[in-house]
Every structure is written in C-alpha cells, then in structure tokens.
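Spelled out from the first residue to the last, the chains are:
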Amino acid sequence: MPPQRVFTLPRQQSLLLPAVINPFVQDTKLSKAAIIKCVLLGIFLVPIRAVLISLVLMVTWPVAVIITFNHPVKGAEPMTGWRRVMCRRVMAALGRTYYFCMGFRVVIKGRQVDSSEAPILAVAPHSTFFDGIVCIVAGLPSTVSRVENLATPIFGRFVRCLQPVLVSRKDPDSRKNTIQEIDSRAKSLGHWPQVLIFPEGTCTNRSCLITFKQGAFIPGVPVQPVVMRYPNQLDTVSWTWQGFSSRTLLLLTLSQLYTTVEIEFLPTHIPTEEEKKCPPLFASRVRDKMAQALGVPVTDHTYEDCRLMISAGELTLPMEAGLVEFTKISRKLNLKWDNVKKELEGFASMASSCKGGRININEFASFLKLPVSPALEELFTLFDRNGDGTIDFREYVIGVTILCRPANTEDVLHMAFKLFDTDEDEKITREEFTALLRSALGVSNINMAKLFKEIDADGSGFITFNEFQSFAMSHPEYAKLFTTYLELQRYQAIQEANPGDLELTGQISDKQEESVSDKKDD
C-alpha cells in the first residue's frame, strides 16, 4: 500500500466553531427539590398573582382605550399633550404594577438619556416575552411590532399606546417602509419618542450576543445600548426555540418568590463617519460594547439559523444540526438562505439515519456509493475541519463550497470524461466506468451498477458527456474526489522517482489548499 501524504491542513480562523454552539436552546434542569418547591409555592402564589394581574389589566385596558381614542393607528404625528402624559406616567405606573404582581424585582443601573441625545435604544440580549418590562422602565418608547399584534384582544390596545413602527408580512415593501419610518423618527430631533429595538431579532438563551440586524443602525444616529440580565438561581424566563413552552415558563415564574431583572443603560454610542456609512460596522461595534458589559462572547448566528433549525427538524435531523452561523457563512461563502437550505437537504440524505446528525467516513462512502479508499479518506479529512472523525452540517457546507464546487470546472469534467472514455467514442460504457473506478479506488470487487445507473439518466446503457456533467453539477463531491485522486497519483509518482521530495510535495499541497481557502477569507 503506497504511503499517504501527510501534511497539516490550513484552516481559516474565521470559519472555526463559535464560542457558543447553540444559543437557541434552553436547557434548564429541574431537580426534584426545585419541582417540589415550585409546586408548594405555586399553590399559594399563582392564584393570588393571577387575581392581582387580572385587576391591573381591568384598570389598564380602559386607560389605554381613553389614550388611543380617536387617535389614528398609523398617525403621522406622535401623541402630545394629555395623551403623552398619561402614557408616560399612568400607563408606565400600571405597567410597573403589572410586573410587580408577577413577582418581578427590577434593578436599574446607569442613566437613560432623552430622545434628543439618543433617538434609538438598542436592547440585548432578547431572551423572553418578559423582556417587555424594559419598555415600561424606559417610559414607553415606540417599538417595532407586527400589524397583527394590534388586533390582539386587550394587549392590542396596550401596543397602540406605544405608537409602534408597524411591520406587515403581507406588504412586499414592508422592510423598506419600516426602515424609512425608523429613520424618520430617529431624525425628528426629539419630536417623536425614542424607538426601542431588540436588534438580535429573535430570542436566545443569553449565553452570547448573536448578529445584530441593521435596522437600528441605518439612520446613523446616536444609539444608547441597554443590556438585560436575569441573575436568578433558577432560569424560568428563557423562551427559546428548544425548551420550555411559554405556558410552562409563565407558571414557573409565577411560582417563584420573586424574579430579579437587571436593566443597565450604557453610555450612548455616537457613530463615527465610517460607522454612519457602514451600518454593519456600527451594529458590530455596539454589539461588542454590550457583550463586554455582559461578559459574554459574540457569534454570527441569526434568525436564519432558527429557520434552518426548523428545516433540520422537518428533515428528521437534530434541530441543532441546522446551526451554521448563517451571517458568517453567507458573507464569506456568498451563499443565500435557499442555497444553504438545499445543502441541508443533501446532507440530510446522508445523515438522517446517523446519531446526532453527524456522519463518519463509512456513511460518507455509502452516500457516494463508493468504498473507503485513500482518495476518499483524504477528501473526508478535508471536510472534517475539527478532526473529530465526523462531519457535521456546518463542515459539509464549508467543504462543498470551498473545496468541491471550485474543483467542479468544465476542464476537470472533460479530463475526467476522457479518462473514462478509453476508446474515445464520446460515451462511457459500464465496463469503462467500472474498470477506471476499480483502478482508481484500489478495490477490485466492488459493484458500481447503482452509481452507473444513477448517472445514466436516460437508461441507454452508456453515459454521455451531458449526463456526466449534469450528475457532477448536482454532486460536487465527486469532482473533488477525482482531483484528490489525481493529486495522490502525482504524489506517488514523485515519491517513486525521488523519495526526498516528500516534504516539498507536502508543503506544495499545503499552499495549494491554502490558496483555495484564502479566496473566501476576510
């Protein structure tokens, strides 16, 4: 058996695994003692708090009706006069009472500036439906809300008091209109109340700060960062994509003696000229400042990762298999969400029967309908970025995009086709196909009938170049496998001619791989 090439594979630091693998899972474990405590306290606290909350809502709803009476839902002007006074004082006081009745103890740090100094409040991390308490503490600033929320019984009136920037899923121009409205209010020189935005756009478990959406930063005005903490022994508030339901969390929270929430207003971030021209940079620097105050890392996960998690679950994969840090992957590899979703479907066909949504080399070979060979082992090593002997979906997406698709050129396909087509009649017979693969893979007793049949789309008994090309485009792994085989052949030829060239060849291979990888670097 000829010796294998041995060299260190260059890896981009920016594509290594994030500090937090899954920020969308809530893994609170309830011990027997905690369950007993919740039940005993809940028997007394839940009914009392439910009655008190109902009484507060009975008072709050008519106040909200009075404030919003005869005031347009999509008003061109902000509330003024008695309406604004009632919002800032009466509604805010009732809101504090509401959360007090639920058992919340609020700790406020720092100082909130007014809208003339910072028109936008950026709040993170967003981890629960209880986060609405920050709106109460901040004096009922405007928020961004879906149009459908206005039709919610009782709470729809409360939302109207906030004069929200409305988002409609039915309007194709909704995103543009929302950004324009935020921009208009942010530049009103204090005419409108502050706009409060959760820039993460979805709930996490507070273990990190994920990618900030740009809406709060496009206007290029000063932003006051606001950080939230729930420093409780038992986490009963985190509402994520994997974990307790909203009803369970509500019952658990009402069953606690009290629930502490810390709200800290950080110093206002005034954007530089560079940040005004580049909203992603502005958002990133504000996020870094907030992460430093919280003492947590940042990752490039985003709401699109949540969509991929759902897709992974629908494909019978573990939900966390869909997490790829979409922001980073899409930017560095130039991939759209639909592209990544398509790759996920391809990966699912390999990994659906695997534990934990990870595939080993035998499953990789089985998917390619090939036996384990030196070329296949090297290809698998290129995919396996962390060297744990398995490939997860994130590694698969990076491998297919960086390694396989660049190798899938027309020149490579023509070269491969000619090697198969030994009699040069512009078609590959089953005998030609099987003979070369047996030789290339070093195995003499394999049956290539299934693979041949899959490539031979029209069932003619031979493969044309168009069929060969079509199959290669939809299965890019084979192109990289083929070029890897050719590299091994060249390596073995050089070694036989001059064994001293081994180290040099390994270095050349390093540089070749690094040159491919660097095309996608920052």
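Residues numbered from 1 in each chain as written. Predicted model: local features only at pLDDT ≥ 70, side-chain atom pairs only at ≥ 80, totals over all residues. Heavy atoms only, no water.

K.L.:
I'm lost on the overall build of the protein in this one. Help?
P.N.:
The number of helices and strands found in the protein is 20 helices and nine strands. Counting over 522 residues, the protein shows a buried share of 51%. The long-range share in the protein, meaning contacts at least 24 apart out of those at least 6 apart in sequence, stands at 74%. Of the roughly 25500 Å² of accessible surface on the protein, 57% is carried by carbon and sulfur atoms. (Helix = DSSP H or I, 4+ residues; strand = E, 2+ residues; numbered from the N terminus. Buried < 20%, exposed > 50% of the residue type's maximum accessible area, 1.4 Å probe, protein only. Contact = heavy atoms within 4.5 Å. Areas by Shrake-Rupley, 256 points an atom, 1.4 Å probe, with all protein chains shown as cover.)

K.L.:
Quick question: what am I supposed to make of the environment of E117 here?
P.N.:
By the secondary structure assignment, E117 is in the loop between strand 1 (104-110) and strand 2 (120-124). Separated by 105 residues in the primary sequence, E117 and P222 place their C-alpha atoms 7.0 Å from one another. Apart from residues lying up to four places away in sequence, E117 is in contact with R111, P222 and T268.

K.L.:
Can you walk me through the packing of helix 1 (residues 32-68) against helix 6 (residues 246-254) in this structure?
P.N.:
The axes of two packed helices give the description: the angle between them and the distance between them. Taken N-terminus to C-terminus, the directions of helix 1 and helix 6 make an angle of 100°; their axes are 7 Å apart at the nearest point. Put simply, helix 1 runs roughly perpendicular to helix 6. Listed contacts from helix 6 to C38, L45, V46, R49 and I53 of helix 1 are L251, L252, T253 and L254. Split by residue class, the contact of helix 1 with helix 6 holds seven nonpolar, one polar and one charged. (Axes fitted to C-alpha atoms, helices over the stretch in contact; angles between N-to-C directions. Parallel < 35°, antiparallel > 145°, perpendicular 65-115°, else oblique. Nonpolar A, V, L, I, M, F, W, Y, C, P; charged D, E, K, R; others polar.)

K.L.:
What exactly am I supposed to notice about the sheet that holds strand 6 (residues 223-229) here?
P.N.:
Remark on secondary structure: sheet strands pair via backbone hydrogen bonds, oriented parallel or antiparallel. The seven strands lie next to each other as 1-7-6-2-5-3-4, forming an open sheet whose pairing is mixed. The sheet is open, and its two borders are formed by strand 1 and strand 4 (165-167), each paired with just one other strand. Sheet twist, expressed as the average angle between the axes of neighbouring strands with direction ignored, equals 25°. Inspection of the sheet shows strand 3 (residues 142-146) paired to strand 5 (residues 195-197) by two bridges, in the parallel sense. The residue bridging S142 from the neighbouring strand is V195, located in strand 5. Sheet strands in contact with helix 8 (residues 279-294) are strand 2 and strand 6, and its direction is about 35° off that of strand 6. (Pairing = 2+ DSSP bridges.)

K.L.:
Is there a simple way to explain the pattern of salt bridges in this structure?
P.N.:
Two side chains of opposite charge can pair, provided their charged atoms sit close to one another. Per the counting criterion, the structure on display carries 12 salt bridges. Notably, a salt bridge pairs E274 with R285, separated by 3.8 Å at the nearest N-O pair. Taken as a pair, E274 in helix 7 (residues 273-277) and R285 in helix 8 lie far apart in primary sequence, 11 residues in all. Note on E274: relative accessible area 49%, which makes it partly exposed. By relative accessible area, R285 is classed as partly exposed at 33%. The closest approach of N and O atoms between D388 and R358, which form a salt bridge, is 2.6 Å. Here D388, found in the loop between helix 13 (374-383) and helix 14 (393-407), pairs with R358, found in the loop between helix 11 (337-351) and helix 12 (361-368); they are 30 residues apart in sequence, far enough to count as distant. The partly exposed category is assigned to R358, whose relative accessible area is 27%. It is possible to trace a salt-bridge network through shared partners that takes in K109, R229, E262 and E264. (Salt bridge = Lys/Arg side-chain N within 4 Å of Asp/Glu carboxyl O.)

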